[in-house]
Amino acid sequence: MDIDGGRDFLLTPPMKTVRFGELNKDYDLLHTENPPLLIKGLCVTQLNKDHEQLIYTVLRLPWVGRSQAVVDEYIAFLSNLVSAQTFYLCSCLKMVVSHFIPSMFSSLLPVCNPCLTSRFLMPILQENFPFVQKSSRVLECYVHNLLRVTMYIPSIRRDVLEIIISKMLKLDVSASRSDIEEAEESTVHKQQEEEGLFDMDEDVSGDQPSRTGMTHPMAERLDSLMVVLLAYIRDVCHDNGSLHIDRTKELYKDLLSVFDKVILPTHASCHVQYMLFYLCSFRLALAEAFLDHLWKILLNPSQAAVLRQAAAGYLGSFLARAKFIPVLTVRACLDLLISWIHSYIDSQDSSDKQTFCDISLHGPFYSACQAVFYTLIFRHRAMLDGNMKKGLEYLQSLNLERVVMCQLNPLKVCLPTVTNMFAAITRKYQVVFCYNVIERNNRLVLPVVRRSAGGDTVSANTNPLDSFFPFDPYLLKRSGVLIEPLYQVWEDLADTEFVASKSGQQASRDDEDDFLCGVTPNTEGIMGMTPGSYDSSLRSPSSVGSPPFVSFTHRVE
C-alpha cells in the first residue's frame, strides 16, 4: 500500500513528527482535527517508551478550554494511559497540576485518579506551588485547586494542608504586624488628604468607595488565601448548614497535626493560626480539646523549652481572646495552670540549690505565669459579673500573692504591659499588691547601650522571654469578617486606674497604705491600653468587607 506519493508505510520507519520547542504540521494537525478521534485511535497498551514524543505532544494539547465531550475523552485517555503505562504517571500529573492557575480549574477534578498515592503527586504539587511574590489571583486559584483535590483524595489532605500552610506562614512572617499597621495608617492619611481637597463638594466625598483590600502587598496575598482556607474549613465541616461531627473531627486532627509541625515552632506569626481559632468556634468540645493539647505540650518535659513556652502563649491568648469559651472552662484552665505553678514553686523551694530569676532554666514557668496574668486581665470581669463575692473568693483562692512574691520573680520577666495591667486590676480588687515588686525590678534593670552609625542608643530589654500572643488583633480585612464575631476585643477598664511608674518612696508608701487599709484607689486618671505583644497592636481590628466565599463541597460529584 502506497501512502504519500508512493512512500511504503510498512517498510519505512515512522516519520519524526514532534520536536520539543517547535511546532510542525503534524502538531498543528492535532490542534485542528477532532481530538477525540485522534485519541481514540491510540492504543495505550502499545504506547511504550518509544512513543514518548507522541505522548508529550498529546499532553501539550489545549484540552481544558474544549467542549465537554473532548474533555471527557481526554480524561479517559489519561486514566487508561497511567493505568497501562505507569512510567507516564509523573508526566501526566505535572501536566494536570500546571493547569492549577486562574481560569483553568473548572474541569480538572476527575483527572487525578484517587488510587494515585502521595508518593508521586505530593512532590509535584509542592514543586509547582507559585512563588509567594506571584499575584493574589494566582496564589488563590492554586490553593483553591489543591483544596479541591483533597475533596476526592482525602488520604493526601494532611500533606496538602501542610504545603499550603507552610507557604502561608512565609507570607505571614514577611508581613509583620507593625508593617501592616503602618501601611494602613499611611493609606488612611493619604485618603484624608485627598478628601480634604474636596471639602467644598460634599457629594464627591460622599461617593468615594471604601477600600476593602490590604495596602501591604504580602498582607493582601495572605488575606486572599485566608479567605479560601476559612471557606474550605466551613464547607467541609457543615452539611446543609448543620455541623457534620465526623468530618469536623477528621479535619481537626489534620489541622492539629499541621499546627504541631509547622505553626507552633514558627515565632511571631500573626494570622495563619486563626484557622484553628475559627474551627474551634464550631463546637466547645473542639476548643476544649485544643486547650488540652496545648496543656499537655506545656507539661511535657521532653518537649523543647521553646515549644513549651509557645504552647503557654497559645493557651493564654486563646483563653483571653476566644469569646466562645465560657467562664467555667476559663476557670478550669486557670486552676490547672495555677496548680502547676504552685507545684513548681514548691519544687524550687525544697531544692538545696539557691532559687533565682533565670529564663534559661525556668522559661516554661514564666510563660505559664504570663498566661495566667494575661487571661485574668481579659476575663476578670466575666468572673466577677453576677456574683462579686464568689468571684473575689475565687481570685483569692488562686493565691496569686505567693506567685508574685516568690524568689523566681515572674513580674520581672513578663511583658511590661501585661505586668502593669495585671497589677492595676489586682490592686483594685485587693487580691495582691504588685507595685513594690515592680519598682524593685525596675531599679534592677540595667540599660543596654547599642552603637550604630546613627549614634549610641540606650534601651532595656522589655521582652526577655521573647514571647508573643498568637491571637493578638486580627488585621486582615476580608477574612477578618469571619473572625470578628468570635473575637474578644480589649475593653478599656473605665473603673480601673492604670498606675504609672511612680518615683519616690512616698508614692509607694501611699499605695501600700491604701491597699492595707482596704481603701479603693482613686480611679479618675485612667490610661487606656491593650496588653499585647507589641505596643503597635493596642487597638482592636477594624474588619470591613465580605469575602467572596466559594463552596467546595457542592462541586464534587
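The rules behind the values
- Residues numbered from 1 in each chain as written.
- Predicted model: local features only at pLDDT ≥ 70, side-chain atom pairs only at ≥ 80, totals over all residues.
- Heavy atoms only, no water.
- Helix = DSSP H or I, 4+ residues; strand = E, 2+ residues; numbered from the N terminus.
- Buried < 20%, exposed > 50% of the residue type's maximum accessible area, 1.4 Å probe, protein only.
- Contact = heavy atoms within 4.5 Å.
- Areas by Shrake-Rupley, 256 points an atom, 1.4 Å probe, with all protein chains shown as cover.
- pLDDT = per-residue confidence, 0-100.
- Core = buried A, V, L, I, M, F, W, Y, C linked by side-chain atoms within 4.5 Å.
- Salt bridge = Lys/Arg side-chain N within 4 Å of Asp/Glu carboxyl O.

- As annotated in an unreviewed UniProt entry, the protein chain carries the name RRN3 homolog, RNA polymerase I transcription factor and is attributed to Sphaeramia orbicularis.

Focus on the overall build of the protein chain
Reasoning step 1: Scanning the protein chain from terminus to terminus reveals 23 helices and six strands.
Reasoning step 2: Expressed as a percentage of its 557 residues, the buried residues of the protein chain come to 48%.
Reasoning step 3: Partitioning the intrachain contacts of the protein chain with sequence separation of at least 6 by distance along the chain shows that 78% fall at a separation of at least 24.
Reasoning step 4: If you sum the accessible surface of the protein chain, you get close to 27,700 Å²; carbon and sulfur atoms cover 52% of it.

Concerning the confidence of the model for the protein chain
Reasoning step 1: Looking at the protein chain, pLDDT values average 76 and 68% of them are 70 or higher.
Reasoning step 2: Within the model, pLDDT remains below 50 along residues 203-210, and this stretch shows one contact once partners closer than five positions in the same chain are excluded.
Reasoning step 3: Long-range and interchain partners of residues 553-557, a stretch whose pLDDT sits below 50, account for nine contacts in this model, where long-range means more than four residues apart.

Regarding the nonpolar core
Reasoning step 1: In this structure, I233, F318, I341 and F365 are the most contacted members of the largest nonpolar core, which totals 151 residues.
Reasoning step 2: Leave out the neighbours within four places in its chain, and F318 touches F277, C280, A287, F290, L291, F324, I325 and F471.

Brief notes about the pattern of salt bridges
Reasoning step 1: Enumeration over the complete set of coordinates arrives at eleven salt bridges.
Reasoning step 2: D235 is the salt-bridge partner of R234, the closest N and O atoms lying 3.2 Å from each other.
Reasoning step 3: Judged by its relative accessible area of 22%, R234 is partly exposed.
Reasoning step 4: Here D292 ties to K296 by a salt bridge, and the two come within 3.2 Å at their closest N and O atoms. Placement of both D292 and K296 in helix α14 (residues 284-299) is noted, with a separation of four residues, approximately one turn of the helix.
Reasoning step 5: Judged by its relative accessible area of 35%, D292 is partly exposed.
Reasoning step 6: Assessed through its relative accessible area of 53%, K296 is described here as exposed.
Reasoning step 7: Through salt bridges that share partners, R157, R158 and D254 make up one connected network.

Comments concerning the environment of I263
Reasoning step 1: In this fold, I263 is placed in helix α12 (residues 245-263).
Reasoning step 2: Distance in space between the C-alpha atoms of I263 and S166 is 8.1 Å, their sequence separation being 97 residues.
Reasoning step 3: Excluding anything up to four places from it in sequence, I263 contacts I165, L169, V258, V272, Q273, M275 and Y314.

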